[in-house]
Amino acid sequence: MSAALLFTFAFALALAAGLVVKLWLATRQVRHVARHRDAVPAAFAQAIALAAHQKAADYTVAKTRFGLLEMAWGTALLLGWTLLGGLDLLNKLLMNWMGGGMLQQLALLSAFALISGLLDLPFTLWQTFRLEERFGFNKMTWRLWLLDGAKSLLLGALIGLPIAALMLWLMGAAGNLWWLWAWGAWMAFNLLLMLVYPTFIAPLFNKFQPLDDATLKARVNALMKRCGFAAKGLFVMDGSKRSAHANAYFTGFGASKRVVFYDTLLRQLSAGEVEAVLAHELGHFKHRHVVKRMAAMFALSLAGFALLGWLSVHSWFYVGLGVQPNMAAPNDALAILLFMLAVPVFGFFVAPLPVRISRKHEFEADAYAIAQTSGADLSAALLKLYQDNASTLTPDPVFVKFYYSHPPASERLARMVAG
Ligand SMILES: [Zn+2]
């Protein structure tokens, strides 16, 4: 058996195994949630109404079923691009039209991104205007949706094309160790993006106003001082213009570090509860979760670039995924695209590991918040957030292990009571 055929076989096997596991997990989740739909778990009987519990169950089931449809479509597209020859066809069309070279490769990356985006459009639209709408979460208008889309496209071209050109250039010009150079450039680019995101990119999509509630501001500032934390500012974001889901987050680093509250969060929580949520976020910093996550991202991308460097010089990598490499022209754009398509297929099986670490971090941040503020406020806030976001209180435990980056409410609240 040739190496290419062997690789095709491994790819198909990983894809099929992944589908079976995903289908099994989704079925478990839907059954588990449906089985517990008729009664609020005893621990929450006082705090959660049956109607809210059932809404969460229905929302969870609807999202899981939608996820299955998306998975089927995504698999069809993946096979279409690879083994059925879609990417090969697109590459040949562009080669005939433009010849080989940097422009052809940039055109290939752009055409792939545009076509994929268009093919995913029905799902994006359905999710926003049907699924989220049905449960009362969508606040997005068509006008805003179109405006967002236009801005994202423009921004994607402005930021994406130069970095793609730089990557392709390094792949062609930097010799055998190009992947090390490309990794360095990629990391620098990501750091730069994190630096400019809060001040230049996020304001293109949302309005950020300084927090003007004096009482809340005083509490928040006192908390930050107590925790030895300096941020440039406290901001309120008009999240309500897109969705009723509530959130708070930290963004940027160094001088551009800031705290952002969604207006939806401030509407739903008392001052004490907001303080507890913020203390939880500070806990992520105190436990160095942010730094650890960045270090992990650096290490993983180094491994990724090294792997891409190795794969890109083997013709079985291309042929095995349904693409004939160009003879007299560079294949770097093809290598990047095939890599992006193939990695999730094999990577799915290690997915439980990062979410497991993330859940551990959530518990640590909760513990920090309880030490710094009131445990009662934190549990009340979490309960409200889980309820307002219609997160189910009764997810399937195995599904949680695979997918949940945050522990279910029951586990978090149980630890708070115990602690
Ligand atoms: Zn957290």
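Structure shown above.
Summary of the structure given here. Within every chain, residues take consecutive numbers counted from 1 along the sequence as written. Reporting of local features is limited, given that this is a predicted model, to residues whose pLDDT is at least 70; pairs of side-chain atoms are given and counted only at 80 or more, and all residues count toward the totals for whole chains, interfaces and linings. The side-chain quantities take in all heavy atoms of the structure and omit both hydrogens and water.

1. Some words on the packing of helix H13 (residues 352-372) against helix H14 (residues 375-388)
To keep things clear, this is the line we draw: Note on geometry: axes are lines fitted to C-alpha atoms, helical ones only across the stretch in contact, with angles between N-to-C directions running from 0 to 180 degrees. Counting from the N terminus, the helices are the DSSP runs of H or I reaching at least four residues and the strands are the DSSP runs of E reaching at least two. Angle categories are assigned with fixed cut-offs, so that under 35 degrees is roughly parallel, over 145 is roughly antiparallel, 65 to 115 is roughly perpendicular, and the rest are oblique. Contacts between residues were defined by any pair of non-hydrogen atoms, one from each residue, lying within 4.5 Å.
Axis separation between H13 and H14 bottoms out at 7 Å; the angle between their running directions is 135°. The angle between H13 and H14 falls in the class oblique. Here Asp-366, Ala-369 and Ile-370 of H13 come into contact with H14, specifically with Gly-375, Leu-378 and Leu-382.

2. A word on the coordination of the zinc ion
Where we set the bar: A donor here means an N, O or S atom no more than 2.8 Å from the metal, or no more than 3.2 Å when the metal is Na, K or Ca. Since water is not included, a site may seem to lack partners.
Distances from the zinc ion to its protein donors, His-280 (NE2), His-284 (NE2), Glu-362 (OE) and Glu-362 (OE), fall within 2.1 to 2.7 Å. Counting gaps between the donor residues of the zinc ion yields the pattern H-x3-H-x77-E. Placement of the pair is His-280 and His-284 together in helix H9 (residues 271-286), with a separation of 4 residues, close to one helical turn.

3. Things to note about the sheet that holds strand E1 (residues 208-210)
Sheet strands line up and pair through hydrogen bonds in the backbone, either parallel or antiparallel. Rules: At least two bridges found by DSSP between two strands are what make those strands a pair.
Pairing in this open sheet of 4 strands is mixed, and the strands run E1-E2-E4-E3 from one edge to the other. Every interior strand has two partners, whereas the edge strands, E1 and strand E3 (248-251), have only one. Pairwise comparison of adjacent strand axes, ignoring direction, gives a mean angle of 30° for this sheet. Note: E1 against strand E2 (residues 233-237), 3 bridges, orientation antiparallel. Note that in E2 the partner of Gln-209 across the bridge is Val-236.

4. Focus: the side chain of Ser-312
Using the following cut-off: Pairs of N or O atoms within 3.5 Å make up the polar contacts considered here, provided that, within protein, one atom can donate a hydrogen while the other can accept it, and that residues adjacent in sequence are counted only when both atoms are side-chain atoms.
Structurally, Ser-312 is set in the loop between helix H10 (289-311) and helix H11 (315-319). At 3.1 Å, the side chain of Ser-312 and the backbone oxygen of Gly-309 are in polar contact. Setting aside chain neighbours within four positions, we find Ser-312 in contact with Trp-178, Tyr-318 and Ala-335.

5. Details of H9
Inclusion rule: Given a helix with a known number of residues, its expected span is that number minus one, times 1.5 Å. Three labels apply to residues, based on accessible area from a 1.4 Å probe with only protein chains included: buried if under 20% of the type maximum, exposed if over 50%, partly exposed otherwise in between.
Between the first and last C-alpha of H9 there are 22 Å, a value that for 16 residues agrees with the 22 Å anticipated at 1.5 Å per step. In terms of burial, H9 is a largely internal element, 13 of the 16 residues being buried. Following H9 by one or two positions, Arg-288 has its phi on the positive side, about 60°.

6. A look at the pairing of strand E4 (residues 258-262)
Most of E4 sits inside the fold, with 5 of its 5 residues counted as buried. Where burial is concerned, the two faces of E4 agree: the one with Arg-258, Val-260 and Tyr-262 and the one with Val-259 and Phe-261 are both buried. Of the pairings in the sheet, the one linking E2 to E4 comprises 5 bridges and is parallel in character. Bridge pairing in E4 places Leu-234 opposite Val-259. Examined bridge by bridge, E3 and E4 share 4 bridges and lie antiparallel to one another. Note on E4: the bridge partner recorded for Ala-248 is Phe-261.

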